[in-house]
Amino acid sequence: DLDVRTQYMDDAMNSTTASTTPADQVDTLIQIVADENQLELGEAFNDVGPVGKKVPQPSVAEASKTTDDLEARLANLRS
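Here, residues in each chain are numbered from 1, in the same order as that chain's written sequence. Local features in this predicted model are restricted to residues of pLDDT 70 or higher, and side-chain atom pairs are both shown and tallied only at a pLDDT of 80 or more, whereas totals for entire chains, interfaces and linings draw on every residue. Side-chain numbers here rest on the full set of heavy atoms in the structure, without hydrogens or water.

Describing the overall build of the chain
Helical segments are the DSSP runs of H or I of at least four residues, strand segments are the runs of E of at least two, and each set is numbered from the N terminus. From N to C terminus, the chain includes 3 helices and 0 strands. Seen in sequence order, the chain has helices and strands lined up from the N terminus as α-α-α. To sort residues, take the accessible area from a 1.4 Å probe on protein chains only and compare it with the maximum for the residue type: under 20% means buried, over 50% means exposed, and anything in between is partly exposed. With 79 residues in all, the chain has 3% of them scored as buried.

Rendered as structure tokens:
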């Protein structure tokens, strides 16, 4: 039940903030902050896309490792 509520709230917040946040203003703000702090953004933000539209997905190897780690921890707790 808590997972369902959490997912619902996450979806609501993401859709609200993504639809009301102008992407060009966000990009401009990021560039201003980077310039003020002598940071180089390089190509890091060019492939990201619009704000709130992409969620990083773990690779298959990372997901498998995480699952294995969790299973090992659970086995240790049970013993």
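Points about unusual backbone geometry
Phi is positive for Gln38, close to 50 degrees, though the residue is something other than glycine. Inspection of the secondary structure assignment puts Gln38 in the loop between helix H2 (23-36) and helix H3 (60-78).

Thoughts on a nonpolar patch on the surface
Residues forming no salt bridge and having over 30% relative accessible area are the ones grouped into patches, like charges within 9 Å of each other and nonpolar side chains (Val, Leu, Ile, Met, Phe, Trp, Tyr) within 5 Å. Here the accessible surface of atoms and residues is derived via Shrake-Rupley with a 1.4 Å probe, and residues count as covered only by protein chains that are part of the display. By salt bridge we mean one thing: a side-chain nitrogen of Lys or Arg within 4 Å of a carboxyl oxygen of Asp or Glu. Taken together, the side chains of Tyr8, Met9 and Met13 make up a nonpolar region of the molecular surface, amounting to roughly 370 Å² of accessible area. For Met13, a relative accessible area of 49% translates into the label partly exposed.

Here's the deal with the confidence of the model for the chain
Per-residue confidence from the predictor is reported as pLDDT, which spans 0 to 100. Confidence in the prediction of the chain, expressed as mean pLDDT, is 77, and 72% of residues score 70 or more. Ranking the elements of the chain by mean pLDDT puts helix H1 (residues 2-20) last with 77 and H2 first with 86.

Some words on H2
An expected span of 1.5 Å times one less than the residue number is assigned to each helix. In this model, H2 (14 residues) spans 20 Å end to end at C-alpha, consistent with the 20 Å of a helix rising 1.5 Å per residue. Looking one or two places after H2, you find Gln38, whose phi comes out positive at around 50 degrees.

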